[in-house]
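Next come the chains, spelled out residue by residue.
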Amino acid sequence: ILNVEQSPQSLHVQEGDSTNFTCSFPSSNFYALHWYRWETAKSPEALFVMTLNGDEKKKGRISATLNTKEGYSYLYIKGSQPEDSATYLCAFVAGANSKLTFGKGITLSVRP
Amino acid sequence: DAGITQSPRHKVTETGTPVTLRCHQTENHRYMYWYRQDPGHGLRLIHYSYGVKDTDKGEVSDGYSVSRSKTEDFLLTLESATSSQTSVYFCAISRRAIWDYGYTFGSGTRLTVV
């Protein structure tokens, strides 16, 4: 079973703060890395799918980077807003015919 | 979520009874997945399908079976429900191979086994 670690487990920030999360995964046999945003009482929504070392993706105030050689991805939120409060999941794909293995998620709470 | 629905949304059942959860999609996606979500574990794959009548096991498949007789429907059956199967179950679909596109998830089914 693959080990996908996310840190920190939870985070409480003030509105306007910028924040970042880490997703660590095995560096061997890398195929893809997904980020999802999961709001309470809703279902997870895909943010980014990253496949190449050095990939950087951006969607509004949220961006992500990927380092496949050392096995980590960062998710950044610039100027956090209360509506950014959610759980952020990363998921790792090892090998072409593999499935997603999810981390346990990072719960972000943004105080107005 | 648009294009993918799960039923029922909530169910309470007794230990030892069979239970079937349904995932229905209107997106004509080839790949479908069943996950369970438990505190402290995140999302864990139960079974998945890569086409009609083509299914395979995930990491927590014991006590579960699946069927996919049509592209649009993926059924998850708990053959004899146990309390350890109390969980929230999510179905997901994917247009192409998993490395190209993110998954689209259903709204979840909350199952309680008493």
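A brief report on the enclosed structure follows. (Residues numbered from 1 in each chain as written. Chains lettered and ligands numbered in written order. Predicted model: local features only at pLDDT ≥ 70, side-chain atom pairs only at ≥ 80, totals over all residues. Heavy atoms only, no water.)

Quick look at the overall build of chain A
Across its full length, chain A carries zero helices and 11 strands. Written out in order from the N terminus, the α and β elements of chain A read β-β-β-β-β-β-β-β-β-β-β. Here the C-alpha atoms of chain A give a radius of gyration of 14 Å, agreeing with the 13 Å that 2.2 N^0.38 yields for 112 residues. A principal-axis box enclosing the C-alpha atoms of chain A has dimensions of 45 × 25 × 20 Å. (Helix = DSSP H or I, 4+ residues; strand = E, 2+ residues; numbered from the N terminus. Rg over C-alpha atoms; globule rule 2.2 N^0.38 Å.)

What about the interface of chain A and chain B?
The interface is formed by 21 residues belonging to chain A together with 21 residues belonging to chain B. Buried surface at the junction of chain A and chain B, both sides included, amounts to about 1,600 Å², of which 66% is carbon and sulfur. Area buried by chain A at its contact with chain B is led by W38, K99 and F102 of chain A, which between them contribute 30% of it. The tally of links between chain A and chain B comes to zero salt bridges. (Contact = heavy atoms within 4.5 Å. Buried area = accessible area lost by both parts, 1.4 Å probe. Salt bridge = Lys/Arg side-chain N within 4 Å of Asp/Glu carboxyl O.)

As for the sheet that holds strand β1 (residues 5-7) of chain A
Residues and elements named next belong to chain A. With respect to topology, five strands assemble into an open sheet ordered β1-β3-β8-β7-β6, the strand pairing being antiparallel. In this open sheet, the two edge strands, each paired with only one partner strand, are β1 and β6 (56-59). Adjacent strand axes in the sheet meet at a mean angle of 15° when their direction is disregarded. Note: strand β3 (residues 19-24) against strand β8 (residues 72-77), six bridges, orientation antiparallel. Residue pairing in the sheet places T19 in a bridge with I77 of β8. (Pairing = 2+ DSSP bridges. Axes fitted to C-alpha atoms, helices over the stretch in contact; angles between N-to-C directions.)

Considerations on the nonpolar core
Residue and element names in this part refer to chain A. With 24 residues, the main nonpolar core has F21, L33, W35, F48, L75 and Y88 as its most contacted residues. Listing elements by their share of this core, those giving two or more residues are β3, β4 (30-38), β5 (45-50), β7 (62-67), β8, β9 (86-94) and β11 (106-111). Once residues lying within four places of it in the same chain are set aside, the contact partners of F21 are S7, L11, W35, S73, Y74, L75, I77, Y88, I106 and L108. (Core = buried A, V, L, I, M, F, W, Y, C linked by side-chain atoms within 4.5 Å. Buried < 20%, exposed > 50% of the residue type's maximum accessible area, 1.4 Å probe, protein only.)

Notes on the pattern of salt bridges
In the structure shown here, the tally under the stated rule is seven salt bridges over all chains. Taken together, the shared-partner salt bridges in this structure form one network comprising R37, E39 and K42 of chain A.

Side note on the side chain of Q6 of chain A
Residues and elements named next belong to chain A. Its place among the elements puts Q6 in strand β1. Separated by 3.1 Å, the side chain of Q6 and the backbone nitrogen of C90 make a polar contact. Within polar-contact distance, the side chain of Q6 engages the backbone nitrogen of G105 at 3.0 Å. Discounting chain neighbours no more than four positions away, the residues touching Q6 are T22, C23, W35, Y88, L89, C90, G103, K104, G105 and I106. (Polar contact = N/O pair within 3.5 Å; in protein donor to acceptor, adjacent residues only side chain to side chain.)

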